[in-house]
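# Breakdown of the fold
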Amino acid sequence: MEEFDYYEILQVERSADGDTIKKAYRKMALKYHPDRNPDDKDSEEMFKKVNEAYQVLSDNEKRQIYDRYGKRGLESSGFSSGGMEDIFDVFNSFFGGGFGGFGGGRKQGKQSKYAKDLAQELELSFHEAVFGCKKEIEISYKVACKDCRGSGAKEGKTTTCKACGGSGRETFSQGFMTFAQTCSKCQGSGEEISEKCPSCQGKGYAYEKEKFEVNIPEGVDSGNQIRISKRGNIAEDGTRGDLYLEVDVKEDEHFIRHHNDVYLEVPVFFTLVMLGGVIKIPSLTKELDLKIPVGVKDKQQFVFHGEGIKSVNGSKRGNFIAVIKIIYPEKLDENQQKLLEELHNSFGYESSKPISAFEGLMDKIKKWFK
Ligand SMILES: [Zn+2]
Ligand SMILES: [Zn+2]
């Protein structure tokens with residue numbers, strides 16, 4: 001990942017105080033917000049950086065770690081810079097999702113205490129990912145607490161939020177401008193809980209377990225996301241979100257995957273390098289004949305077109321690539337030693353003398369050290 005300095009991104013001094021950082025962030029975040037710069041990748045990148053910078057510099061603990069140890073220090077202290085969703089969280093908690101046109105400034109109404117969509121990691125073996133499979137999935141999903149109907153309040157009783165008077169929004173003025181942001185007391189619901197629901201301890205949900213089978217398509221790879229419709233959390237109104245399976249494919253002992261191409265290291269004995277020949281190698285589905293040309297090089301690659309992995313979003317297949325690894329015997333017996341010497345001498349070399357091609361080079365090297 002590209003390195004950038006948080007202070008430079010926000011255009012503030014390293015000694016800047018909290019208010020200065022806040023002001024700088026406000027200016028930069030609005031300037032680069034994706035809503036203001038639709039389809040502009042550079043602005044989106046800047047927006048991410050600005051938010052990441054603010055996330056760190058607005059937090060005393062994170063800022064101190066960053067000042068002393070940099071970004072690495074943050075990572076090793078367990079703070080990650082997060083994805084785009086987190087980044088919008090930063091923006092929304094700062095601007096309350098209600099600022100001038102982004103999010104519309106509407107009352108958010110009854111807000112759920114949890115997201116409807118659910119994400120879970122799915123570990124697959126190389127074989128399962130390459131050929132597809134049926135997989136049993138076990139999930140824990142959230143269901144709105146029956147006793148409080150998801151409100152988290154005892155018997156579902158809530159009162160109007162005193163901080164915002166039930167509007168779900170707070171307004172404040174700065175100069176001639178008035179800003180609105182989500183009420184920090186009630187998080188926009190406009191309601192306040194006087195007594196927590198005893199069944200769910202005020203969380204508003206309970207967990208349920210579920211097992212089911214999923215068809216994993218041929219060709220999935222690490223980083224792919226498989227969406228399973230209506231297997232997420234269940235909201236208080238009974239609607240159900242989706243489940244996102246984040247695929248993580250384990251490495252194979254022999255085959256190395258790169259996108260839809262597969263690499264296989266093929267050991268070639270040193271005598272075969274000069275004799276050449278055809279050897280049988282295993283591909284994903286069958287045996288292939290690999291023709292070793294005389295004088296083959298170590299790490300030389302031979303491509304079998306279309307013998308790789310089927311693309312998960314089409315019928316095109318990747319390639320299968322054999323990579324030569326020349327191997328040598330660890331020991332020679334007496335007879336082999338004799339044969340090899342005979343072979344060596346038959347080429348007219350005298351092993352005790354340096355090979356004539358190096359003579360000039362030796363003189364040159366000697367001159368360097370004079
Ligand atoms: Zn409850
Ligand atoms: Zn409120």
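Relevant structure appears above.
Let us look at the structure shown here.

Parameters and conventions
Residues numbered from 1 in each chain as written. Chains lettered and ligands numbered in written order. Predicted model: local features only at pLDDT ≥ 70, side-chain atom pairs only at ≥ 80, totals over all residues. Heavy atoms only, no water. Phe/Tyr/Trp six-rings, centres within 6.5 Å; stacked < 30°, edge-to-face > 60°. Helix = DSSP H or I, 4+ residues; strand = E, 2+ residues; numbered from the N terminus. Buried < 20%, exposed > 50% of the residue type's maximum accessible area, 1.4 Å probe, protein only. Core = buried A, V, L, I, M, F, W, Y, C linked by side-chain atoms within 4.5 Å. Contact = heavy atoms within 4.5 Å. Donors = N, O, S within 2.8 Å, 3.2 Å for Na, K, Ca; no water. Pairing = 2+ DSSP bridges.

Here we come to the packing of aromatic side chains. As enumerated under the stated definition, the model contains 11 aromatic pairs in all. Between Tyr7 and Tyr66, the aromatic rings sit 6.3 Å apart at their centres with planes inclined by 35°, giving tilted as the arrangement. Placement of the pair is Tyr7 in helix H1 (residues 6–10) and Tyr66 in helix H4 (residues 60–76), with a sequence separation of 59 residues. Across this residue pair, the class does not change: Tyr7 and Tyr66 are buried. Relative to Tyr54, the ring of Tyr25 lies with its centre 4.1 Å away and its plane at 15°, an arrangement referred to as stacked. Taken together, the residues Tyr25 in helix H2 (residues 18–32) and Tyr54 in helix H3 (residues 41–57) connect sequence positions 29 residues apart.

Grouped together as the largest cluster of nonpolar side chains are 26 residues, with contacts concentrated most on Tyr6, Leu10, Tyr25, Val50 and Leu57. When contributions to this core are tallied by element, the ones reaching two or more residues are H1, H2, H3, H4 and helix H5 (84–95). Here Val50 is in contact with Ile9, Leu10, Tyr25, Met28, Ala29 and Tyr32, once residues within four sequence places are set aside. Ranked by size, the runner-up nonpolar core spans 21 residues in total, among them Val262, Phe320, Ile324 and Ile326.

To continue, consider the coordination of the zinc ion (ligand 2). Those protein atoms acting as donors to the zinc ion (ligand 2) are Cys161 (SG), Cys164 (SG), Cys183 (SG) and Cys186 (SG), and they sit at 2.2 to 2.3 Å. Sequence spacing of the donor residues for the zinc ion (ligand 2), all on one chain, is C-x2-C-x18-C-x2-C. Of the two residues, Cys183 and Cys186, neither departs from the other in class, the shared state being buried.

All of the protein donors around the zinc ion (ligand 1) are Cys145 (SG), Cys148 (SG), Cys197 (SG) and Cys200 (SG); their distances to the metal are 2.3 Å. Taken in chain order, the donor set of the zinc ion (ligand 1) reads C-x2-C-x48-C-x2-C. Placement of Cys145 in the loop between strand E2 (133–144) and strand E3 (158–160) and of Cys197 in the loop between strand E6 (191–193) and strand E7 (205–216) is noted, with a sequence separation of 52 residues between them. In terms of burial, Cys145 and Cys197 fall into one category: buried.

Right, let's get into the pairing of strand E10 (residues 255–258). Judged by which residues are buried, E10 turns out to be one-sided: Phe255 and Arg257 face inward and are buried, whereas Ile256 and His258, on the alternate face, are not. Where E10 meets strand E11 (residues 261–269), four bridges bridge the pair, whose relative direction is antiparallel. By the bridge assignment, Arg257 is partnered in E11 with Val262.

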